[in-house]
Amino acid sequence: KLEVVLDAAEDLLEEKSQDVEFLLVGGGVRKGSLKENARSRGVTNLRFAGPVDKAEVFPLMEESDALLIHLKESKAFSKTIPSKVFDYLYANKPILYGIEGEGKEILDSLPGNLYFQQENSESLAEAINKLANNYKEYATKAEYNRDFVLENYSREKMTEKLISLLEDLNSI
């Protein structure tokens, strides 16, 4: 529900407490209506980029001060780790995340990232304000995100874990 992001952007714009700009990257069937809704409400701190391939995403992430993972509530998402979690961790930026399940557990374990309730724009706005007011602290802590993902979730590490699991099963 990207309306949560739209509502939070509007709240932050009205508060004038933070100079925050959102860039939503991608397509999606509701992009047009969301874009029109933002325009009609005068939400000028929310911009939209079209779909880009993965090679183009990393420079956009590098230019960003923070990254946002927001997925709708779904039992499927609570049982999987969205690939964005790993991509965003690799970027070494503070991550604002509204997800559940194992992806949330991973991000919860790293201090440079902030959780917000998935369907709650006020929770997202509060997390953004907290990040903005303590940006240097969160950015410094987020510098360990890449090391964490490389040490725990690289292809090599995952292959080692799989081999170990298969060896354990073979010994039964």
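Because the structure is predicted, anything quoted here is derived from the model rather than measured. Numbers given to residues run from 1 along each chain, matching the order in which its sequence is written. Under the rules for a predicted model, residues below a pLDDT of 70 receive no local features and side-chain atom pairs below 80 are neither given nor counted, while totals for whole chains, interfaces and linings still include all residues. Hydrogens and waters are ignored; side-chain quantities use all the structure's heavy atoms.

(A) Geometry of the overall build of the protein. Secondary structure elements follow DSSP: runs of H or I of four or more residues count as helices, runs of E of two or more count as strands, with numbering from the N terminus. A count of helical and extended segments in the protein gives ten helices and five strands. Viewed in the frame of its principal axes, the protein has a C-alpha envelope of about 65 × 35 × 30 Å. To sort residues, take the accessible area from a 1.4 Å probe on protein chains only and compare it with the maximum for the residue type: under 20% means buried, over 50% means exposed, and anything in between is partly exposed. Looking at the protein residue by residue over its 172 residues, the buried ones come to 37%. Every residue pair with non-hydrogen atoms within 4.5 Å of one another is taken to be in contact. Taking all contacts inside the protein whose residues are at least 6 apart in sequence as the whole, residues at least 24 apart take part in 65%.

(B) A look at the layout of surface pockets. Taken as a whole, the largest pocket encloses approximately 1,600 Å³ of empty space. At the level of elements, strand E1 (22–25), helix H2 (31–41), strand E2 (46–49), helix H3 (54–63), strand E3 (67–70), helix H5 (83–90) and helix H7 (121–133) are the ones that each hand at least two residues to the lining of the largest pocket. Both site types are read off a 1 Å grid over the protein atoms alone. A 1.4 Å probe that fits but cannot get out defines a cavity, while an open set with protein on both sides within 12 Å along at least five of seven lines defines a pocket; lining residues have an atom within 4 Å of a point. Grid points are joined across faces, edges and corners, and a volume is the space filled by probe spheres set on the points.

(C) Representation of the environment of Phe22 within the structure. Relative to the elements of secondary structure, Phe22 occurs in strand E1. The spatial distance from the C-alpha of Phe22 to the C-alpha of Leu68 is 9.2 Å, given a sequence separation of 46 residues. Contacts of Phe22, omitting those with residues within four sequence positions, involve Val5, Ala9, Leu12, Asn45, Leu46, Arg47 and Ile128.

(D) Summary view of the side chain of Lys93. Examined against the element boundaries, Lys93 turns out to sit in the loop between H5 and strand E4 (95–98). The convention is simple: Lys and Arg are positive, Asp and Glu are negative, and His and the chain ends are not counted. One speaks of a salt bridge when a side-chain nitrogen belonging to Lys or Arg is within 4 Å of a carboxyl oxygen belonging to Asp or Glu. Within the buried set, Lys93 has no salt-bridge partner at all; the shortest N-O distance to an opposite charge, 4.5 Å, is to Glu62. Those residues within four positions of Lys93 in sequence are excluded, and the remaining contacts are Met61, Glu62, Ser64, Asp65, Ala66, Leu67, Tyr88, Asn113, Ala142 and Asn145.

No statement about biological role is implied by the geometric values presented.
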